[in-house]
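The lines below spell out each chain.
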Amino acid sequence: MAISKEAYRALESIVGPEFISDDPGVRECYRKGGYGKNRPALEGQALKPACVILPGSTKEVQEILKVCHRYRIPFVPVGCFMIATQSPKVPDVLTIDLKRMDDLEIDERNMYAVCGPGVIYAQLQAEALKRGLATEGPGCGVGATVIGNHLNAGVGPLEYRMGWAQRRMLAVEWVLPDGEIVNLGSAAMNEGDFFWGEGLGPDLRGVLRGTFGWQGGLGIVTKMATKLFPFPSQRLERTGVSPHTGFNLPPDLIKWINVFYPDIESAANAMSELSKAQVGMALMTAPFTWRYFSRAESKEDFHEKWRRDLPELQKTTPHMMRIMLVGLAGPKQLEYEERVVRDVIARVGGDLREGRPFDESWINNADAHRIFFPGGAETSMKFHFDSLDASMELAKAAAELKKKYTPPLIEDYGIPGWLQMGDFGHVAFCEILVYFDPTTDPNDCYMHEVGFVESVRQDLALRAYCGLQGSYGPEPQIIGPHYGNYHLLEEEFKKAFDPENISNPPRPLDYAYGVDLKIDLSPMQGAGGNR
Amino acid sequence: MTAIDYQIYKWDAQNCIRCTNCRWVDFIWMASHRFSKLCPSSARFLFDAYAAHGRYDLSLAIAEGRLKWSPKILEEVYACQLCGACDVKCLRNVGLEPMQVLEWLRQKAVEDGKGPLPAHRKIAGKIAESHNRYGAPNADRLRWLPEGIELAPKAEVLYFVGCNSSFRQQRLARATARLLAATGTDFMVLGPEEWCCGNPLYSVGLVDEARRTAEHNLKAIRTSGAKMVIASCAECYQTLKVTYPRLFGFSTRDLGFEVLHLTEFLDRRLQEGKLRFPYPVEMRVTYQDPCRLGRMSEPWEHWEGRRGKYGIFDPPKKRRKGTFGAYDPARRLLQAIPGLRLEEMERRKDQAWCCGAGGGVREAFRDFALWTARERLAEALETTGAEAIVTACPYCGENFAEAIKSGDYPLQTLDIVEIMAKAIAPEGKED
């Protein structure tokens, strides 16, 4: 343990001996995160923390950070630690596990919730649904912490109506790396009032949020309010025994409609036309792999059926578009929205079929982690927000690129991801997934990394928004110039808010990518151009 | 040697994605913030070393020699009821089997001469010496037998009484015998030839010792000629049905006899019209699914082979996901009792919160066992308003009873056999 005994005693005096540990077993379990851990840039450099501490309140967090500041102890905050960016990357780190801080208050009348950093989405959704309200379960699953996800991207299927998590952020309580507390929005003016996000003068929420955020690099958000939305949850019926659990949907209030197309252009056109009508709760395409994941009894079952059906799927390449309709104001709204959908599809074409009145994936996103099930690892090759046309073009190009690396990546017959509408069609999200086995053959991992770098080159060539920057992707000084030199601005913020560089260093600006892999990143320096 | 081949399940430890599903109630069934957790160990001790995903990390570090056993690491491994909740949750989505690794860690601790804990060794000593966990003379196994109940010298049904009902809560054995008699079932028992089922041994990693007791019991059962073995204890039930085949490398169907929990057997009798409950029991109750009767009770399918790319089992392996646990028989029986009102807790069936007693926890970590039970009692009171928490395992009942006493809860705990015995006999005649 490289944290001095004096500093350890100071930390222990804040939380008590029960909530701090330098035991080697405890430390071992805070080395690796989950998502992205197979990326050599993340796992390969992950270190054990020197010590782990579990604060129980904002005051304790504040005191801990003051000790860190005084003794220059680097610290890493973790919520659920689902993401590998919270793996310590410098020696002698204090990991601050925030799971004890799971206070949750819901203001039903004003439709918002105030969450501590240990609250996960599933807890928030459970309490919201009891009150006829809902939040959006993010694509990464409802085991994610609400605050961690709001500081990241916060993409999920219901963003069509509810927007990304980062846009649902209201007032915030934020402890800076030196222990100073900053309150944002209404909390700045009235202590304990988290109703409103905006405040007087510049809105510092803009510093906190952004795609992939700060990854704990700017202190710790200890409290945050998030918007909730009306939802006819009273008649959702929980059903089933694991693994077949889900909600039976009240057919007069919630309905899925699936429409099948022979090509992605037709599906995208239908999504565009439906967005103009501004009906529905979720609107997206869904790759068929998901259907096979969710219906498979086991890995063996999946791979057998997938291999069996692949030739046929490759011939027909069915593209499925899904829209969820919800009668927020009652059955008449659902009837109206369904008529609109049927009118639009009659006009633009498509094979329309009603979906099962059952949901396991979207309202509470309970099966998000099935994407890890076929291979063992999954990563996002693209994570892209843009116009629908641009997203679609990128999806098509990514599908072609992925073929070069398949196998070892798992075959997907040319539909490797999905398009998803946000903000009633004002933005289209495209995510391309790759599934692989990171452990059995090291070459698979290497091929995945090479494909990933190639994918970034593709982004630059297509002038696409490269969502996987920072710790997930190539070095910021290489891709930064293509994206308005965002990294220089990040550096300035980091210096201003964390002058001692103790808050999860070196993140979010991580300069070690590709070094171990000996992948030549230099072609990127000349690719594309400034956007 | 460990009974579990870590090389097969190392893939799982390496590919845990740390989604933390193993800590939480199924996200569909999660109904409140208060009762959202499913792993008692993680909920009580908080550090990730006490969750299945952390124990995966521990297993890798121990297997690779990066971590040495210490009292603290033994605590991280043993402060867990092996309730199977993490397994059900992980198999739901990611398809990994954390229970294999949790059990391997204990077997490895024993193999390395570090485990189990002193409290477990004490019980193991009693079992070795007296063939029951209490160190009582095993010749007294039949002391519970009430007057008026005739044991058949030879019958198709064998009642495996278990240590607890034989020596501690003998009223449960008496009630079981009356219920069997009420359904016209001829049954026999092994008497002094019945040894501890071996669960207190296997669950703490003492594989060889568990094998010895299992060998004896299997021989005794087979010699008896029984076609069906009935247990009223969930631990005995699961050990006979699942652990014995595991220990000797065959499948449950090849045991040579059927293993049923009493609730499964009586439920069959109820459906056949051979069991009736003429006397009302006016009571509002909730039901505790014992882990080893519920999510951990699916039959064992023997598998031998290798693990290939993507973690594929070759030949294909059938996973035990908890889907077909014995959840409904007890509920049907309770609902058939006139006057009795069954109210469900939020965490139920495959998502039930453990009583706290299992996996050697009650012996080695009594405070943790009682804390776990109190969490369940709080749920029973806050979400059901029940007067009693009914279970189908004497160890659940024992742990709840102590927790109720220590916390002065306005709630009683009853075994399902006690309630059913009240419903087949007039007041005061049930025991």
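Details of the structure are given in the entry above.
Structure report, in brief. What you see is a predicted model, and the numbers here were worked out from it, not measured in a lab. (Residues numbered from 1 in each chain as written. Chains lettered and ligands numbered in written order. Predicted model: local features only at pLDDT ≥ 70, side-chain atom pairs only at ≥ 80, totals over all residues. Heavy atoms only, no water.)

1. Here's the deal with the sheet that holds strand β4 (residues 258–261) of chain B
All names here are of chain B. Rules: Between any two strands, pairing holds if DSSP finds at least two bridges. Each helix is a run of DSSP H or I of at least 4 residues and each strand a run of E of at least 2, with the numbering of both proceeding from the N terminus. Pairs of residues are marked as contacts when any of their non-hydrogen atoms sit within 4.5 Å. Interaxial angles span 0 to 180 degrees and are taken between N-to-C directions of axes, which are lines fitted to C-alpha atoms, for helices over the stretch in contact.
The parallel open sheet is built from four strands, whose spatial order is β2-β1-β3-β4. With partners counted over all chains shown, the strands left at the sheet margins are β2 (187–188) and β4, one partner each. In the sheet, strand β3 (residues 228–231) pairs with β4 via four bridges, with the strands oriented parallel. By the bridge assignment, M228 is partnered in β4 with E258. The strands that helix α12 (residues 234–248) touches are β1 (157–160), β3 and β4; relative to β4, the one it contacts most, it runs at about 160°. Sheet strands in contact with helix α13 (residues 262–271) are β3 and β4, and its direction is about 90° off that of β4.

2. A few points about the sheet that holds strand β10 (residues 412–415) of chain B
Residues and elements named next belong to chain B. Read across the sheet, four strands follow the order β8-β5-β9-β10 without closing on themselves; strand pairing throughout is parallel. Only two strands of the sheet have a single neighbouring strand rather than two, namely β8 (340–343) and β10. In this sheet, adjacent strand axes meet at a mean angle of 35° when their direction is disregarded. In this structure, strand β9 (residues 388–391) lies alongside β10, joined through four bridges in parallel fashion. Paired with V390 across the two strands is L414, which belongs to β10. Together, β5 (283–287), β8 and β9 form the strand contacts of helix α16 (residues 366–384), whose direction differs from that of β5 by roughly 130°. Against the sheet, helix α18 (residues 416–424) makes contact with β5, β8, β9 and β10, and its axis sits at roughly 75° relative to β10, the strand it touches most.

3. Topic: the packing of helix α10 (residues 264–277) of chain A against helix α14 (residues 388–404) of chain A
Residue and element names in this part refer to chain A. Basically, it comes down to this: For this classification, under 35 degrees means roughly parallel, over 145 means roughly antiparallel, 65 to 115 means roughly perpendicular, and everything else is oblique. What makes a crossing left-handed is the near helix being turned counterclockwise from the far one by less than a right angle; a clockwise turn instead makes it right-handed. Under the grouping applied here, Gly and all other residues not named as nonpolar or charged are polar, the nonpolar ones being Ala, Val, Leu, Ile, Met, Phe, Trp, Tyr, Cys and Pro and the charged ones Asp, Glu, Lys and Arg.
As a packed pair, α10 and α14 sit with axes 11 Å apart at the nearest point and diverge in direction by 160°. Here α14 runs roughly antiparallel to α10, going by the angle between their axes. Handedness of the crossing formed by α10 with α14: right-handed. Contacts from I264, E265, A268, M271 and S272 in α10 reach L388, M392, A395 and K396 in α14. Class assignment of the residues belonging to the contact of α10 with α14 gives a composition of six nonpolar, one polar and two charged.

4. So, the side chain of N164 of chain B
Residue placement: N164 of chain B occurs in helix α8 (residues 163–168). N164 of chain B has contacts with Y134, Q169, P394, Y395 and E398 of chain B, leaving out every residue within four places of it along the chain.

5. Things to note about the interface of chain B and chain A
This is how the line gets drawn: Summed over both partners, the accessible area lost on bringing two parts together, with a 1.4 Å probe, is the buried area. By definition, a salt bridge exists where a carboxyl oxygen of Asp or Glu is found within 4 Å of a side-chain nitrogen of Lys or Arg. Under the rule applied, a polar contact is a pair of N or O atoms within 3.5 Å (in protein, one hydrogen donor and one hydrogen acceptor; residues adjacent in sequence only if both atoms are side-chain atoms).
At the junction of the two partners, chain B supplies 60 residues and chain A supplies 70 residues. Summed over both partners, the interface of chain B with chain A comes to about 5400 Å²; 57% of that surface belongs to carbon and sulfur atoms. Of all residues in chain B, the largest losses of buried area upon contact with chain A belong to I28, F47 and Y310 of chain B, amounting jointly to 15% of the total for that side. The partner of E18 of chain A in a salt bridge is R44 of chain B, and the shortest N-O contact between them spans 3.3 Å. Summed over the shared surface of chain B and chain A, the result is 33 residue pairs in polar contact (both at pLDDT 80 or more). When contributions to the side of chain B that touches chain A are tallied by element, the ones reaching two or more residues are α1 (6–15), α3 (52–63), α4 (71–78) and α5 (85–93) of chain B.

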